[in-house]
Amino acid sequence: MKTVLKTSLFLITILLFNGCKRDTDLIPEKADNGVTLNLKINYKVDGAALIFDSILYTNTAGNNYEVSRLEYYISNITFHSTSGKDFSPKDIFYVNAQMPLTNNISLDSIPKGSYNYITFNIGIDTAHNISFSLPNTNENINMAWPNPLGGGYHFMKFEGYYLDLAAKTGFTVHMGQNCSLVYCIINTPFIVSSSTSEIKLSMNLNEWFRSPIIYDFNIDGNATMFDKQARGKIAANGIDVFSME
Amino acid sequence: MKSLKYSIIFGFALIIALVASCKKKESDETPAPSPEALTPYNLYCPPYFPQLVIPADNQLSVEGVELGRKLYYDSIISNDGRACANCHTQQYAFTNPVPNSLAHMNLAWNNKFLWNGLVEGKLEDIMAFEVNVFFMTNTTKLNNSATYPALFKKVFNSTPITTKQVAYALAQFVRTQASTNSKFDKYLRYETTLTSSEMNGFVLYNSEKGDCFHCHSLGLFNDNAYHNNGIDSAFVGVNRGRYNVTGNANDMGKWKTPTLRNVELTAPYMHDGRFATLEDVIEHYNSGVKQSSTLDPIFSKPTHLFGLQLTTQQKADLVAFLKTLTDTTFINNPALSHP
């Protein structure tokens, strides 16, 4: 009898202390899940920090311009590894140059190692460029590309003013539709180690107008949304708008 | 027999231990019971609206909304006989021809308030402005009333009534002033079709020629942003718009984009009511846009330099489409009317 009672008390004690573990308790010991780092984006015009709403900048074609809006999507980010094991998260990121939080893109589980270069799209790939495919935030709704015009989303809204024969005139570089997806390459090798917490990227706005095609508001147009040819030139120029700092 | 007895004792102990150990900790997972049980209020959010975010400290309840509604129609919140409803009449989609007030409609999904954006943030913020600054609400009158103390106690579980509570109750009601059942909403839900003129207007609205969609985004039919839409070329006094709030020259002549929902009912138009009819508004964009240094870049498109150049039929089509945004359910909803 005593033995049974002792055993029962022992069992009760053990069970009360340990109890039934809930799922949330059953987390295995943390494995090496790679590195979490922040892609920090800033904006320059040929080396000078971007200041909004001031006619300060001159592009290759000689247009003097200022920037009043810059918002876009980044998707299909790929870190190309020297070992062949690329890192490629599936997320689509909304970025607004005037909203600091959106210019810090957090990436998780990046394998440590050395990488040759980064590629990504400015815009949304064909599979996801479908109306209402993104969460209905104010920003995503305002980036919609209307269904009667093909649907999906604006890839980028880059707006401002330029001096057209000394008169201040607006420009609207609006990108969208699958044919205008921008492919970016940052051809800089880098290493991700446990001490890597941030990679700084910089967009040089003048690159949108420089190469391989010099874009002139007075010749190529100051509005691209309804001009597929103009969008094509901007998209081609987008390949090297970003660099690593 | 003895061993059977021991087995029963052992088994019983084991069951007690298992049951006791599996019980969830109440302090972890059970919210503190509210002294007064409130009935949750579920607000419908169409799939093409922005996600609805309601502050954690002012979740909707049937009782809270009803209190807000009572206050909305009661001049007790002012010192000059006015109530919210004096300038926001349901039959005009909660605006008013005189004064030309902005509509109280779908503000639950807005974060900029008043024509010049004097208040930004949550509905609670703009209602705090209305209570503290616009009406200068005297809470003594509310605390001394026969009905309000019990209603506030029920919703907020504290006494005495504060201006914050008045603002929160008003925010709850205004959050329910949702217009989501216009003909266009029914069209989006495949419940009806548009006439050919309405459809032509819809296509024009979303085209390069009409180009309404950039500022009046589908869904809310505004973009929660400020623009100079070319109604003035020189800016004096109140016409300086957003500049009067920020002092930034780049904001000169910019205004919050008003929603186009129920626009048929919200005449006159623009911040100063300068346009009496929808036709006048369309004619402004067709031929009357004035240049200035802050004119929105959208108006500088090559195709817009000399106005939209719409035909008479195209203007009529646009008006026909805009009238599909009229929501008779909204303006006749008894839950929004004078209690």
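Residues numbered from 1 in each chain as written. Chains lettered and ligands numbered in written order. Predicted model: local features only at pLDDT ≥ 70, side-chain atom pairs only at ≥ 80, totals over all residues. Heavy atoms only, no water.

Caption draft 1: Representation of the overall build of chain A in the model. The number of helices and strands found in chain A is 4 helices and 13 strands. At a minimum sequence separation of 6, the contacts of chain A that also span at least 24 residues come to 71%. Accessible surface for chain A amounts to roughly 11,700 Å². Of this, 56% is attributable to carbon and sulfur atoms. (Helix = DSSP H or I, 4+ residues; strand = E, 2+ residues; numbered from the N terminus. Contact = heavy atoms within 4.5 Å. Areas by Shrake-Rupley, 256 points an atom, 1.4 Å probe, with all protein chains shown as cover.)

Caption draft 2: Up close: the nonpolar core. If you look at the biggest cluster of nonpolar residues, it comprises 60 residues, and the most contacted ones within it are Tyr65, Tyr72, Phe79, Phe158, Trp208 and Phe242 of chain A. Element by element, the count of residues in this core is highest for strand E4 (residues 64-81) of chain A, at 8 residues. Among all residues touching phenylalanine 79 of chain A, those that are not within four sequence positions of it are Leu39, Asp86, Phe87, Leu107, Ile110, Tyr115, Tyr117, Ile118, Phe190 and Ile199 of chain A. Formed by 48 residues, the second largest nonpolar core is a distinct cluster that contains Leu142, Val155, Phe156 and Leu170 of chain B. (Core = buried A, V, L, I, M, F, W, Y, C linked by side-chain atoms within 4.5 Å. Buried < 20%, exposed > 50% of the residue type's maximum accessible area, 1.4 Å probe, protein only.)

Caption draft 3: The side chain of asparagine 103 of chain A, seen in detail. Residues and elements named next belong to chain A. Summarising the element assignment, asparagine 103 is placed in the loop between strand E5 (93-96) and strand E6 (104-110). For asparagine 103, a relative accessible area of 4% corresponds to the buried category. Looking at asparagine 103, its side chain comes within polar contact range of the side chain of tyrosine 43, at 2.4 Å. Looking at asparagine 103, its side chain comes within polar contact range of the main-chain oxygen of methionine 99, at 3.0 Å. Excluding its chain neighbours within four sequence positions, the residues that come into contact with asparagine 103 are Leu39, Lys40, Ile41, Tyr43, Val95, Asn96 and Ala97. (Polar contact = N/O pair within 3.5 Å; in protein donor to acceptor, adjacent residues only side chain to side chain.)

Caption draft 4: Representation of the pairing of E4 of chain A within the structure. All names here are of chain A. The element E4 is extensively covered by neighbouring structure, given that 16 of its 18 residues are classed as buried. Adjacent in sequence and paired antiparallel, strand E3 (residues 57-58) and E4 are bridged by 5 residues, among which glycine 62 carries a positive phi angle near 95°. Summarising the sheet, E4 and strand E8 (residues 154-164) pair through 7 bridges and their orientation is antiparallel. Bridge pairing in E8 places leucine 70 opposite phenylalanine 158. Relative to E5, E4 is paired through 4 bridges, and the arrangement is antiparallel. For glutamate 71, the partnering residue across the bridge sits in E5 and is asparagine 96. (Pairing = 2+ DSSP bridges.)

Caption draft 5: Just helix H3 (residues 62-72) of chain B, in detail. Residue and element names in this part refer to chain B. The buried fraction of H3 amounts to 8 of the 11 residues, a majority that puts the element mostly inside the structure. Listed as buried for H3 are Glu63, Gly64, Val65, Leu67, Gly68, Arg69, Leu71 and Tyr72. Buried residues in H3 make contact with helix H4 (84-87), helix H6 (139-143), helix H7 (148-156) and helix H8 (163-175).

Caption draft 6: Quick peek at the packing of helix H12 (residues 278-288) of chain B against helix H13 (residues 312-323) of chain B. All names here are of chain B. At a closest axis distance of 10 Å, the pairing of H12 and H13 adopts a crossing angle of 125°. Overall, the two elements H12 and H13 adopt an arrangement that is oblique. Here the hand of the crossing between H12 and H13 comes out right-handed. Of the residues in H13, those in contact with Leu278, Glu279, Ile282, Glu283 and Asn286 of H12 are Lys315, Leu318, Val319 and Leu322. (Axes fitted to C-alpha atoms, helices over the stretch in contact; angles between N-to-C directions. Parallel < 35°, antiparallel > 145°, perpendicular 65-115°, else oblique. Left-handed = near helix turned anticlockwise from the far one by under 90°.)

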